[in-house]
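# Secondary and tertiary structure notes
The chain contents come next:
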Amino acid sequence: MTAHPALADDPLHGSPAVRAYFGDAYPRVEAFATMLAEQGVERGLIGPRETSRLWERHILNSAALAPFLPKGSVADVGSGAGLPGMVLAAMDPARDYVLIEPMERRTQWLFEAARECGIDNARIVRGRAEEVAESVAADVVTARAVAAIDKLVKWCMPLLNDGGRMVLLKGRSAGDEIERAKYTLRKHRLGAEIHTAGTVEGVDPTTVVVLSRH
């Protein structure tokens, strides 16, 4: 797959540091990044100014979750453009991923991306988290830019197997979100940890929140 011309403006596209970071997974991740650059703006998945920062803003940001995922199956809630679920599935082909997305046009995109990029371990499910609990069960739930922590806990806890964990991409206000969610977290006997996750040198680290049972 030839890279979209807009990716030529992205200083991280094809860089040795990025290739080394992804290792054997790089061809799948690059194929997904290229497809997202080609179609993402037209299909309303990313903004028009984001292609030149696609690797830092979206791909590496999603990949930062990988070290925090315990063993087992993963459900990515509100996958949208496939962030972080499709990136993580591309990085870890031996693990099963379920990408949950309520919007039909976005689920169609996810189906196409998984097929065209050779990401065979990603299953796409249309619906909201609270609607699919009878058909989806996972050891880990991931989410990026979906909702505040208190809402995510209420929606996603039914998806988790016993001993499961939520691993969330959050911004600098993560601590405030955890404070606002303290009663919900207490109700579900969840402890919260905030981690600073780096990826490639020169790229700002990502904030990762891990919620697990006490």
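Provided above is the structure to which this section pertains.
### A short note on the nonpolar core
In this structure, Phe 22, Phe 32, Leu 36, Trp 55, Ile 59, Met 86 and Trp 109 are the most contacted members of the largest nonpolar core, which totals 50 residues. The biggest single contributor to this core is helix α2 (residues 26–39), with eight residues. Beyond its immediate stretch of four places on either side in the chain, Trp 109 contacts Phe 32, Met 35, Leu 36, Gln 39, Arg 43, Leu 45, Gly 80, Ala 81 and Gly 82. The next biggest cluster of nonpolar side chains, apart from the first, holds 28 residues, and it includes Val 141, Met 157, Ala 174 and Leu 211.

### Section: α2
Taking 1.5 Å as the rise per residue, α2 with 14 residues should run 20 Å; its terminal C-alpha atoms sit 20 Å apart, in good agreement. Within α2, ten of the 14 residues are buried, which leaves the element mostly enclosed by the surrounding structure. Taken together, the buried positions of α2 are Tyr 26, Val 29, Ala 31, Phe 32, Ala 33, Thr 34, Met 35, Leu 36, Ala 37 and Gln 39. Where α2 is buried, its residues touch α1 (16–22), α3 (54–63), α4 (85–91) and α5 (104–116).

### Quick notes on the layout of surface pockets
In this structure, the largest pocket spans a volume of roughly 580 Å³. If you trace the largest pocket, you find 21 residues lining it, with Arg 57, Asn 61, Lys 170, Pro 205 and Thr 206 closest to the centre. When contributions to the lining of the largest pocket are tallied by element, the ones reaching two or more residues are α3, β5 (160–170) and β7 (206–213). The greatest single-element share of the lining of the largest pocket, amounting to five residues, is contributed by α3. Of the residues contributing to the lining of the largest pocket, the split by class is six nonpolar, seven polar and eight charged.

Conventions adopted
- Residues numbered from 1 in each chain as written.
- Predicted model: local features only at pLDDT ≥ 70, side-chain atom pairs only at ≥ 80, totals over all residues.
- Heavy atoms only, no water.
- Core = buried A, V, L, I, M, F, W, Y, C linked by side-chain atoms within 4.5 Å.
- Buried < 20%, exposed > 50% of the residue type's maximum accessible area, 1.4 Å probe, protein only.
- Helix = DSSP H or I, 4+ residues; strand = E, 2+ residues; numbered from the N terminus.
- Contact = heavy atoms within 4.5 Å.
- Expected span 1.5 Å × (residues − 1).
- 1 Å grid on protein atoms, 1.4 Å probe; cavity = no way out; pocket = protein on both sides within 12 Å on 5 of 7 lines; lining within 4 Å.
- Points joined across faces, edges and corners; volume = space filled by probe spheres on them.
- Nonpolar A, V, L, I, M, F, W, Y, C, P; charged D, E, K, R; others polar.

By themselves, these figures tell us nothing about what the structure is for.
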